[in-house]
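Chains, contacts and geometry: an overview
Okay, here's what each chain looks like letter by letter:
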Amino acid sequence: MSARAQRAGKRNQSERRIELINTLWEGEEIATWDRNDRPRNDGFITVPRYLPLLGVLMDELSNGSPLSSTYLALWFRVSDEGLIEIRDKTVLAFESGFASGRGVTTWTGRMRKLKELGFISCREGSSGEFHNVLIVHPLIAVKKLLGEGKITKGKTYNIFAERVIEVKSSWE
C-alpha cells in the first residue's frame, strides 16, 4: 500500500470516528485529549499501542513483583532518543507507586529486574546506578526473552502478538 493510500485510509478512519462522536454525543460539549492541540497539550509522549499488554507480560515475568508501573513511569519521562536521566530516585519511586519509607528500595529492585529482563539498559551517574537509563525497543526485548525461553507462547504472549500485528508494529 502506498504512503498516499495509507494517509487516505487514516483520514477516512478519522472522519468515521468524528462522525461517530458527533452522533453518539450529539449536542454535548466534552473536552477530549488532542495530542496535536499545542501548546495547551504540550508535554506529551508517544507510546506503543501495545504498552498495556507489554505490562501484563512483564508482570507475569516478575514473579509477584509487578514491573509495569515502574516501566510506565519511565515511559512518561523518556526523550525521543530513548534516554531518561534520573536525578531524583525518590520522585520516580513515588510515580511508580512506591510511596512508603522503603519506596526507593522497592523501586531499585524493580529497576534491576527490568534491566535483567532486557527492557532497559543503564549507566551509572551522579545519582547512582540508574542515573542514565535507555528504554530498549520493547519488541526487541520480548523477542530476545522468547528466544531465551523466558517467555512462552501461551495466552498472554499470543494476545500480545495479535495486538502488535494489529497495530502494524515491526518485530525488527
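Rules of the game
- Residues numbered from 1 in each chain as written.
- Predicted model: local features only at pLDDT ≥ 70, side-chain atom pairs only at ≥ 80, totals over all residues.
- Heavy atoms only, no water.
- Helix = DSSP H or I, 4+ residues; strand = E, 2+ residues; numbered from the N terminus.
- Phe/Tyr/Trp six-rings, centres within 6.5 Å; stacked < 30°, edge-to-face > 60°.
- Buried < 20%, exposed > 50% of the residue type's maximum accessible area, 1.4 Å probe, protein only.
- Contact = heavy atoms within 4.5 Å.
- pLDDT = per-residue confidence, 0-100.
- Axes fitted to C-alpha atoms, helices over the stretch in contact; angles between N-to-C directions.
- Left-handed = near helix turned anticlockwise from the far one by under 90°.
- Nonpolar A, V, L, I, M, F, W, Y, C, P; charged D, E, K, R; others polar.
- Arc of directions from axis to C-beta.
- Salt bridge = Lys/Arg side-chain N within 4 Å of Asp/Glu carboxyl O.

**Remarks on the environment of Gly154**
- Within the secondary structure, Gly154 is located in the loop between α6 (138–147) and α7 (155–166).
- As for Gly154 and Arg102, which are separated by 52 residues in sequence, their C-alpha atoms are 35 Å apart.

**Describing the packing of aromatic side chains**
- Scanning the model with the defined rule gives six aromatic pairs in all.
- Relative to Phe119, the ring of Tyr71 has its centre 5.9 Å away and its plane inclined at 65 degrees; by these criteria the two rings are edge-to-face. Linking Tyr71 in helix α3 (residues 68–75) with Phe119 in the loop between α5 (103–117) and β2 (120–125), this pair joins segments that are 48 residues apart in sequence. The residues Tyr71 and Phe119 share a single accessibility class, namely buried.

**Some words on the environment of Gly125**
- If you trace the backbone, Gly125 turns up in strand β2.
- Measuring from C-alpha to C-alpha, the distance between Gly125 and Leu145 comes to 28 Å, with 20 residues separating the pair along the chain.
- Those residues within four positions of Gly125 in sequence are excluded, and the remaining contacts are His131 and Asn132.

**Some words on the confidence of the model for the protein**
- On average, residues of the protein carry a pLDDT of 90, and 91% of them reach 70 or more.
- Taken element by element, the predicted model of the protein shows its lowest mean pLDDT in helix α1 (residues 3–24) (79) and its highest in α3 (97).

**Some thoughts on the packing of α6 against α7**
- α7 packs onto α6 with a crossing angle of 145 degrees between their chain directions and a minimal axis gap of 13 Å. At the point where α6 passes α7, the crossing takes the left-handed sense. Taking contact as the criterion, the partners of Leu139, Val142 and Leu146 in α6 are, on α7, Tyr157, Phe160 and Val164.
- When its residues are assigned to classes, the contact of α6 with α7 shows six nonpolar, no polar and no charged.

**Some words on α6**
- Of the positions making up α6, those classed as buried are Pro138, Leu139, Ala141, Val142 and Leu145. Projection of α6 onto a plane perpendicular to its axis shows the buried side chains occupying an angular sector of 160 degrees, all on one side. In α6, the exposed positions angled more than 90 degrees off the buried face are occupied by Lys144 and Gly147.
- The first or second residue beyond α6 is Gly149, which carries a positive phi of 80 degrees.

**Some details on the pattern of salt bridges**
- Tallied over the full model, the rule gives seven salt bridges.
- Among the ionic pairs, Arg77 bridges to Glu95, the shortest N-O distance being 2.8 Å. Remark: Glu95 occurs in helix α4 (residues 89–95) and Arg77 occurs in the loop between α3 and β1 (83–85); sequence separation between them is 18 residues.
- Among the residues examined, Arg77 registers a relative accessible area of 39% and is labelled partly exposed.
- Between Glu166 and Arg163 there is a salt bridge, and its shortest N-O distance comes to 3.3 Å. Highlighted residues: Glu166 and Arg163, both in helix α7, separated by three residues, approximately one helical turn.

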